[in-house]
Amino acid sequence: MPMPEESPLPLPVLEDYDEVGPLVGIIIGSESDREAIEPAGIELDERGISWELRVLSAHRDPRAVAEYASTAALRGTRVLIAGAGMAAALPGVVAAYTDLPVIGVPLTSSKSVMGGLDALLSIVQMPPGVPVACVSVNGARNAAILAAKILAQGGGYPGTPGRPTAEL
Ligand code: RP5
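Residues numbered from 1 in each chain as written. Predicted model: local features only at pLDDT ≥ 70, side-chain atom pairs only at ≥ 80, totals over all residues. Heavy atoms only, no water.

Caption draft 1: Just unusual backbone geometry, in detail. Of note in this structure, Met86 is not a glycine but carries a positive phi near 60°. Along the chain, Met86 turns up in the loop between β3 (79–85) and α3 (90–96). Even without a glycine there, the phi angle at Met114 is positive, about 55°. For Met114, the location among the structural elements is in the loop between β4 (102–107) and α4 (117–124). (Helix = DSSP H or I, 4+ residues; strand = E, 2+ residues; numbered from the N terminus.)

Right, dumping it as structure tokens:
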């Protein structure tokens, strides 16, 4: 019986990422968001939770966002944090491509309206059926804490079987 040909990777973007992903994937819409999202990584590090950061814009790189979001669960990632400013479509677009919980972080950018109210409304006003959790404007640390709480519900938190132990 002929063997089936080895199937190609489902999406080319997988080649760019470690096969096994971290527990938490953090995405920001621009390099200019990096400083504002840093507290999330610091908090996750302190909790011994693995994470990665990708800069992917829903408006400028929509295909890359779709590919990252739709492959995250396959790589073992359990929660996604998406931070963006202005018309912050990123968390909603990510949620459209994954069943993983998505935590949106509205960010202030130099071009924000009312200190980030534009991003807050863009993230929190998701249509029925596509929920995104939303923390405060520039609430990156809270996003990480919420991610940790979500992970603690599913037995996948560090210290539970199958995950590395960590000082909590
Ligand atoms: C959003 O537009 C980004 O998340 C950022 O907060 C804002 C401005 O982006 P840059 O023009 O600085 O790249 O998409």
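Caption draft 2: Up close: the packing of helix α1 (residues 34–46) against helix α5 (residues 140–153). The geometry of α1 relative to α5 is characterised by a closest axis approach of 7 Å and an angle of 35° between their N-to-C directions. When you trace α1 past α5, the crossing you get is right-handed. Facing α1, whose interface residues are Ala36, Ile37, Pro39, Ala40, Glu43 and Leu44, α5 presents Ala140, Arg141, Ala144 and Ile145. When grouped by side-chain class, the residues that make up the contact of α1 with α5 number eight nonpolar, no polar and two charged. (Axes fitted to C-alpha atoms, helices over the stretch in contact; angles between N-to-C directions. Left-handed = near helix turned anticlockwise from the far one by under 90°. Contact = heavy atoms within 4.5 Å. Nonpolar A, V, L, I, M, F, W, Y, C, P; charged D, E, K, R; others polar.)

Caption draft 3: Inspection of the pattern of salt bridges at higher detail. Inspection of every chain in the model, using the stated rule, returns five salt bridges. The partner of Arg54 in a salt bridge is Glu52, with the nearest N and O atoms 3.3 Å apart. By relative accessible area, Arg54 is classed as partly exposed at 22%. Several salt bridges share partner residues, and in doing so they unite Glu43, Arg47 and Arg141 into one network. (Salt bridge = Lys/Arg side-chain N within 4 Å of Asp/Glu carboxyl O. Buried < 20%, exposed > 50% of the residue type's maximum accessible area, 1.4 Å probe, protein only.)

Caption draft 4: Seen up close, the nonpolar core. Core analysis: the biggest nonpolar cluster contains 20 residues, and Val24, Ile26, Ile49, Ile81, Ile103 and Val105 have the highest contact counts within it. When residues in this core are grouped by element, the largest group, six residues, is from α5. The contacts of Val24, once residues within four sequence positions are left out, are Leu44, Ile49, Ser50, Trp51, Glu52, Thr77, Val79, Ile81, Ala147 and Leu151. Membership of the second largest hydrophobic core comes to 19 residues, among which are Leu80, Ala84, Val102 and Val132. (Core = buried A, V, L, I, M, F, W, Y, C linked by side-chain atoms within 4.5 Å.)

Caption draft 5: Region of the structure containing α5. Here α5 spans 21 Å end to end across 14 residues, near enough to the 20 Å set by a 1.5 Å rise per residue. Among the residues of α5, those classed as buried are Ala140, Ala143, Ala144, Ile145, Ala147, Ala148 and Leu151. Summarising the contacts, the buried residues of α5 are in contact with β1 (24–28), α1, β3 and β4. (Expected span 1.5 Å × (residues − 1).)

Caption draft 6: Region of interest: α1. For α1, which comprises 13 residues, the first-to-last C-alpha distance of 19 Å matches the rise-based estimate of 18 Å (1.5 Å per residue) to within 8%. Within the sequence span of α1, burial applies to Ile37, Ala40, Gly41, Glu43 and Leu44. The arc enclosing the buried residues of α1, seen along the axis, measures out at 160°, which places them on a common side. Exposed side chains of α1 directed beyond 90 degrees from the buried face belong to Glu35, Asp45 and Glu46. Tucked inside the fold, the buried residues of α1 contact β1, β2 (51–55), β3, β4 and α5. (Arc of directions from axis to C-beta.)

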